[in-house]
Amino acid sequence: DAKTTQPTSMDCAEGRAANLPCNHSTISGNEYVYWYRQIHSQGPQYIIHGLKNNETNEMASLIITEDRKSSTLILPHATLRDTAVYYCIVRERNAGNMLTFGGGTRLMVKP
Amino acid sequence: NAGVTQTPKFQVLKTGQSMTLQCAQDMNHEYMSWYRQDPGMGLRLIHYSVGAGITDQGEVPNGYNVSRSTTEDFPLRLLSAAPSQTSVYFCASSYSWGGSSYEQYFGPGTRLTVT
């Protein structure tokens, strides 16, 4: 059973904020939410992760709902180079060196 | 740092042939993994290693062997290539095993076609 549910695809206008949702209704207390992205033909790239507090770094912000059943990745000013598949991954703290990738959301940033 | 490097970038094999996909990292990471990605799909874990001399199976290990004789290198061997192994193969490494702060670094991939 998939731990996360994401829309298959989304569009965003260049310069606008891209808000990518992820449902993880069965998340447990020791599981983190990670976001990776994969630009066409390249290896996945780490973006951000969080447990229950909202997080921000130079790439994006992660908003996790209070019940932790869903989250949103925010790219504040999307550029054409942000066109990629975005993966939301739920992972236990001690799951080790394993990431379970689902289908992800294909984000298309349009001029 | 070069990060994670993979060779070759492209490879075509005939059914039954064997080959080794090379992966190296220069970040002194203990943990390394191999994933495969089929068209339109997410990545699936093949094998992983928590340090030199220690390897374990992932989700889809059949048809593949690995070894880890040094921290830097983690080669993936296809024993007898089959068309079902046509895929893009990614190697990844990370500093930590689990924990709250965790990031995997991925190589550029090897695109393998088995005819």
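Caption draft 1: Looking closely at the overall build of chain B. Along the backbone of chain B there are 0 helices and 11 strands. Ordering the α and β elements of chain B from the N terminus gives β-β-β-β-β-β-β-β-β-β-β. Computed over C-alpha atoms, the radius of gyration of chain B comes to 13 Å, within 12% of the 13 Å expected from 2.2 N^0.38 for 115 residues, which places it in the range of a compact globule. Taken along its principal axes, the extent of the C-alpha atoms in chain B is 40 × 30 × 25 Å. Classification of the 115 residues of chain B by burial places 49% in the buried group. Considering only contacts in chain B between residues 6 or more positions apart, those separated by 24 or more positions represent 54%. A total of about 5,200 Å² of accessible surface is found on chain B, and carbon and sulfur atoms cover 50% of it. In chain B, 7 side chains carry a positive charge and 8 a negative one; their mean positions are 13 Å apart.

Caption draft 2: Spatial organisation of the pairing of strand β3 (residues 19–25) of chain B. Residues and elements named next belong to chain B. Residues Met19, Leu21, Cys23 and Gln25 of β3 are buried on one face, while the alternating residues Thr20, Gln22 and Ala24, pointing to the opposite face, are not. Alignment of strand β1 (residues 4–7) against β3, held across 4 bridges, turns out to be antiparallel. Of the residues in β3, the one forming a bridge with Val4 is Gln25. Note that β3 and strand β8 (residues 76–78) share 3 bridges and pair antiparallel. The partner of Leu21 across the bridge, within β8, is Leu76.

Caption draft 3: Region of interest: the pattern of salt bridges. All names here are of chain A. In this structure the tally under the stated criterion is 5 salt bridges over all chains. As a salt-bridge pair, Glu31 and Lys3 come within 2.6 Å of each other at their nearest N and O atoms. Note that Glu31 is positioned in strand β3 (residues 31–38) and Lys3 in the segment before β1 (9–13), a separation of 28 residues in sequence. For Glu31, a relative accessible area of 4% puts it in the buried group.

The rules behind the values
- Throughout, residues of each chain are indexed from 1 in the direction in which the sequence is written.
- All chains are assigned letters beginning with A, and all ligands numbers beginning with 1, in the order in which they are written.
- Local features in this predicted model are restricted to residues of pLDDT 70 or higher, and side-chain atom pairs are both shown and tallied only at a pLDDT of 80 or more, whereas totals for entire chains, interfaces and linings draw on every residue.
- Side-chain measures here rest on the full set of heavy atoms in the structure, leaving out hydrogens and waters.
- Note on conventions: DSSP H or I runs of at least 4 residues are helices, E runs of at least 2 residues are strands, and numbering of each starts at the N terminus.
- Based on C-alpha atoms, the radius of gyration is set beside the globule rule, defined as 2.2 Å times the residue count to the power 0.38.
- Note on exposure labels: buried denotes an accessible area under 20% of the residue type's maximum, exposed denotes more than 50%, and partly exposed covers the range between, all computed with a 1.4 Å probe on protein chains only.
- Should any heavy atoms of two residues lie within 4.5 Å, those residues are counted as being in contact.
- Under the convention used here, a 1.4 Å probe and the Shrake-Rupley method define accessible areas, while residue burial counts only the protein chains that appear.
- His is not counted, nor are the chain ends; Lys and Arg add positive charge and Asp and Glu add negative charge.
- Lys charges are placed at NZ, Arg charges at CZ, Asp charges at CG and Glu charges at CD.
- At least two DSSP bridges between two strands are required for those strands to pair.
- By definition, a salt bridge exists where a carboxyl oxygen of Asp or Glu is found within 4 Å of a side-chain nitrogen of Lys or Arg.

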